[in-house]
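# Descriptive structure summary
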Amino acid sequence: LQGASLDEATWEVAREGTHRCVLIHDLDVGWDERLRPSIAVTTLHRGGAERIALELHRVLARDLDSLFVVMGDAKADEYEAPEGTLHICRGDRIATLAHHLHEHGADVLHAHMFGREQLRVLATCDIPLVTTIHNDHARWPDGFVSDESVALVLACSRRVHDQMTMRPRRVATNFVTKTASGDRVTTRRALEIPDNAPLMLCVANPRLQKRLELAVD
């Protein structure tokens, strides 16, 4: 085997049948040129923040090795979790999340709706941490996010962005797929609503950053 490559020598020894192969998983090494983001969300309740997290994962998973994590069991009244979702339900869930992030080889973690202490612990995992603020300032807990705990803070709207003092910060692109677009007439026709039919818009959890005044017909 002198002069053979490591792969050639390994296969030659394996073919001889005189040695026993023992697989040690702790030594496994994966190779992937793609980025490996991870998106973690506390629940999959039918809300706007959860929908954005799901849509973001759907978009990223087209080209990247994206890991989607839910910090709890699947429930019948929630959004359906994507295939391959990791559910973390018991024990020290943040420590378990950190373990799986390292197992996945995550390049970045995007955390949605995590609390202050949870973000603080995740920030010590040596994986860049991004979080999105989905609510107006009035609903933030005291000391919700500090400059030291995250690499980047994303705001769900320009209004929320202007309320933030953390840096760096940006306004996040809305990844929720649009069902209709265009002016009033085009939108009504796309939704098969007659032009002269009364239309009532119902929005759950009305909040200032949703700019509902713009929806008045």
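The structure this text deals with has already been given above.
Here's a quick rundown of the structure. Numbering of residues begins from 1 in every chain and follows the order in which that chain's sequence is written. Confidence filtering applies because this is a predicted model: local features only for residues at pLDDT of at least 70, side-chain atom pairs given and counted only at 80 or more, and all residues used for totals across whole chains, interfaces and linings. Side-chain numbers here rest on the full set of heavy atoms in the structure, without hydrogens or water.

### Some thoughts on helix H2 (residues 48-60)
To keep it simple, the criterion reads: Secondary structure elements are defined from DSSP: runs of H or I of at least 4 residues count as helices, runs of E of at least 2 residues count as strands, and each element is numbered from the N terminus. By this rule the span expected of a helix is its residue count minus one, scaled by 1.5 Å. When a residue's accessible area, from a 1.4 Å probe over protein chains only, is under 20% of the maximum for its type it is buried; when over 50% it is exposed; and in between it is partly exposed. Contacts: residue pairs with any heavy atoms within 4.5 Å of one another.
Under the 1.5 Å per step criterion, the end-to-end length of H2 is 18 Å for 13 residues, consistent within 8% with the ideal 18 Å. Taken together, the buried positions of H2 are Ala49, Glu50, Ala53, Leu54, Glu55, Leu56 and His57. Among the structural elements, strand S1 (37-41), strand S2 (67-70) and strand S4 (108-112) are those in contact with the buried residues of H2.

### Quick notes on the layout of surface pockets
Definition in use: Only protein atoms enter the 1 Å grid used here. Points where a 1.4 Å probe fits but cannot escape make up a cavity, open sets with protein on both sides within 12 Å along at least five of seven lines make up a pocket, and a residue lines them when an atom lies within 4 Å of a point. Grid points are joined across faces, edges and corners, and a volume is the space filled by probe spheres set on the points. All residues other than Ala, Val, Leu, Ile, Met, Phe, Trp, Tyr, Cys, Pro, Asp, Glu, Lys and Arg, Gly among them, are scored as polar; the first ten of these are nonpolar and the last four charged.
Volume-wise, the second largest pocket comes out at about 260 Å³. Lining of the second largest pocket is provided by 15 residues; of these, Pro37, Leu60, Val108, His110 and Val130 occupy positions nearest its centre. Mapped onto the lining of the second largest pocket, the elements with two or more residues apiece are S1, H2, S4 and strand S6 (152-155). Residue classes in the lining of the second largest pocket are distributed as eleven nonpolar, two polar and two charged.

### So, the side chain of glutamate 78
We count it as follows: Charged residues are defined narrowly, with Lys and Arg counted positive, Asp and Glu counted negative, and His plus the chain ends left uncounted. Note on definitions: salt bridges are taken to be side-chain nitrogens of Lys or Arg within 4 Å of carboxyl oxygens of Asp or Glu.
Note on placement: glutamate 78 falls in the loop between S2 and strand S3 (86-87). For the buried glutamate 78, which has no salt bridge, the nearest side chain bearing the opposite charge is lysine 75, at an N-O separation of 4.6 Å. Those residues within four positions of glutamate 78 in sequence are excluded, and the remaining contacts are Thr43, Leu44, His45, Arg46 and Asp73.

### Structural notes on the pattern of salt bridges
In this structure the tally under the stated criterion is seven salt bridges. A salt bridge links aspartate 65 to arginine 36; the nearest nitrogen and oxygen atoms lie 2.8 Å apart. Residue aspartate 65 is located in the loop between H2 and S2, and its partner arginine 36 is located in the loop between helix H1 (6-16) and S1; the two are separated by 29 residues in the primary sequence. For the salt bridge of arginine 58 with glutamate 55, the shortest nitrogen-to-oxygen distance reads 2.7 Å. Remark: glutamate 55 and arginine 58 occur in helix H2; sequence separation between them is three residues, near one turn of the helix. One network of salt bridges, in which partners are shared, links Arg51, Glu55 and Arg58.

### Some remarks on the sheet that holds strand S5 (residues 129-133)
Short version of the rule: Two strands qualify as a pair provided DSSP detects at least 2 bridges between them. Structural elements are reduced to axes, namely lines fitted to C-alpha atoms, with helices fitted over the stretch in contact, and the angle between N-to-C directions of any two is expressed from 0 to 180 degrees.
Read from one edge of the open sheet, seven strands run S3-S2-S1-S4-S5-S6-S7, paired in parallel fashion. One side of each edge strand has no neighbouring strand; the edge strands of this open sheet are S3 and strand S7 (169-171). Bridge count between S4 and S5: four bridges; the pairing is parallel. Paired with histidine 110 across the strands is valine 130, a residue of S5. Of the strands in this sheet, S1, S2 and S4 touch H2, which is tilted by about 160° from S1.

### Concerning the environment of phenylalanine 68
Relative to the assigned elements, phenylalanine 68 resides in strand S2. Taking the C-alpha atoms as reference points, phenylalanine 68 and alanine 40, separated by 28 residues in sequence, lie 6.0 Å from one another. Residue contacts for phenylalanine 68: discarding those within four places in its chain leaves Ile39, Val41, Leu44, Ala53, Leu54, His57, Pro82, Gly84, Thr85 and Leu86.

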